[in-house]
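Topology and contacts: notes
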Amino acid sequence: MSELHITKDLPIGFVDSGLGGLSVLREAVRVMPNEDFIYFGDSANAPYGTKEQEVIRELTFHAVDRLLDYGIKGLAVACNTATSAAVRPLRNRYPELPIVGIEPAIKPAVMNNHGGRILVMATPMTIKQNKYHKLLEQYEAGAEIVSVPCEGLMEFVEEGNIDSDELDTYFDIHLTPYLTENTETIVLGCTHYPFLKHHIRSFLKGRNIALIDGSLGTSLELKRRLEEKGLLKDTENPGSVVIQNSSPKSEMIELSYRLLNMPID
Ligand code: DGL
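Here's a quick rundown of the structure.

Criteria and thresholds
Residues numbered from 1 in each chain as written. Predicted model: local features only at pLDDT ≥ 70, side-chain atom pairs only at ≥ 80, totals over all residues. Heavy atoms only, no water. Helix = DSSP H or I, 4+ residues; strand = E, 2+ residues; numbered from the N terminus. Rg over C-alpha atoms; globule rule 2.2 N^0.38 Å. Buried < 20%, exposed > 50% of the residue type's maximum accessible area, 1.4 Å probe, protein only. Contact = heavy atoms within 4.5 Å. Areas by Shrake-Rupley, 256 points an atom, 1.4 Å probe, with all protein chains shown as cover. Lys, Arg positive; Asp, Glu negative; His and termini not counted. Charge placed at Lys NZ, Arg CZ, Asp CG, Glu CD. Near = heavy atom within 4 Å. Polar contact = N/O pair within 3.5 Å; in protein donor to acceptor, adjacent residues only side chain to side chain. Pairing = 2+ DSSP bridges. Axes fitted to C-alpha atoms, helices over the stretch in contact; angles between N-to-C directions. Core = buried A, V, L, I, M, F, W, Y, C linked by side-chain atoms within 4.5 Å.

Some words on the overall build of the protein chain
- Helix and strand content of the protein chain: 11 helices and 9 strands.
- At 18 Å, the protein chain has a C-alpha radius of gyration in line with the 18 Å of a compact globule built from 265 residues.
- Along the first, second and third principal axes, the C-alpha set of the protein chain runs to 55 × 40 × 40 Å.
- Within the protein chain, buried positions represent 54% of all 265 residues.
- Contacts in the protein chain between residues at least 24 apart in sequence constitute 80% of all its contacts with a sequence separation of at least 6.
- Only carbon and sulfur atoms are counted for the fraction: they give 50% of the accessible area of the protein chain, which is about 12,100 Å².
- The protein chain carries 26 positive and 37 negative side-chain charges, and their two centres are separated by 4 Å.

Some words on the site of the ligand
- Near the ligand, the surroundings consist of 13 residues, among which Ser17, Tyr48, Gly49, Thr81 and His192 are the closest.
- One of the backbone N or O atoms of tyrosine 48 is found 2.6 Å from an oxygen atom in the ligand.
- In the environment of the ligand, an oxygen atom lies 2.8 Å from a nitrogen or oxygen atom belonging to the backbone of asparagine 80.
- For the ligand, whose unbound accessible area comes to 300 Å², protein coverage reaches 99%.

Considerations on the sheet that holds strand β7 (residues 183-188)
- The strand order β6-β5-β7-β8 describes an open sheet built from 4 strands, whose pairing is parallel. Of all the strands in the sheet, the pair left with one neighbour each is β6 (144-149) and β8 (210-212). In this sheet, adjacent strand axes meet at a mean angle of 20° when their direction is disregarded.
- Strand direction decides the pairing type here: strand β5 (residues 117-122) and β7, joined by 5 bridges, are parallel. Note that in β7 the partner of leucine 119 across the bridge is isoleucine 186.

Describing the nonpolar core
- If you look at the biggest cluster of nonpolar residues, it comprises 48 residues, and the most contacted ones within it are Phe14, Met121, Leu153 and Ile186.
- The element that contributes the greatest number of residues to this core is helix α1 (residues 22-31), accounting for 5 residues.
- Membership of the second largest hydrophobic core comes to 23 residues, among which are Ala63, Leu75, Val87 and Met125.

See the structure below:
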């Protein structure tokens, strides 16, 4: 266990396998506009969602260590896959660091459900994990919840390909088989997918299906955890966002800021 020096003037750290966690960060910036943030996207090692748990754990620890070297006062594991594989050991290693993870927003989906089917789009790894099965067990008595493994979907976001016709082909193959007449909600259980919301809506052609994700809930929880420890800044000045990425492609940073500044719909 290592000693951390945590003070309120440090930034809040965010990690993800790539650019997906930016969908959580943009909510966090809205919720805590006076805070500084540092985001690390591990695009060089993406996707995480088709890797083994041990590998994901190691990559996540490595990413978090980078942020800790920089200096952070709290951490959002802004990746459903990394959360299920690594959040518990991370909390064990850094008990003094406020750490929040993200999980598919099944709870709010069930709470707002009117008897229809709930689809959960997520990476194959998230769906395989024990943590996910426990979550399902908690809520499946109250609704029909169907998991939709989406291997290969995050890559569209990583490539900045968020509105292409190829997405329709992808959804035809991977989503259409699960879409029944009574489908009421789609949970976007991977942080990359909120950037595809607009395209998913057009694919659904005006059908009345709610698209929900956990980014606001996670950001509010992060704020609460920092507040509880007296770690929020006392300033009225707007905060800053630093984005780092493990990919050698320089355009990843530019794409990251573009995604970060996309309006939340
Ligand atoms: N953004 C990640 C998530 O929320 C996963 C993408 C991946 O690396 O497969 O699950």
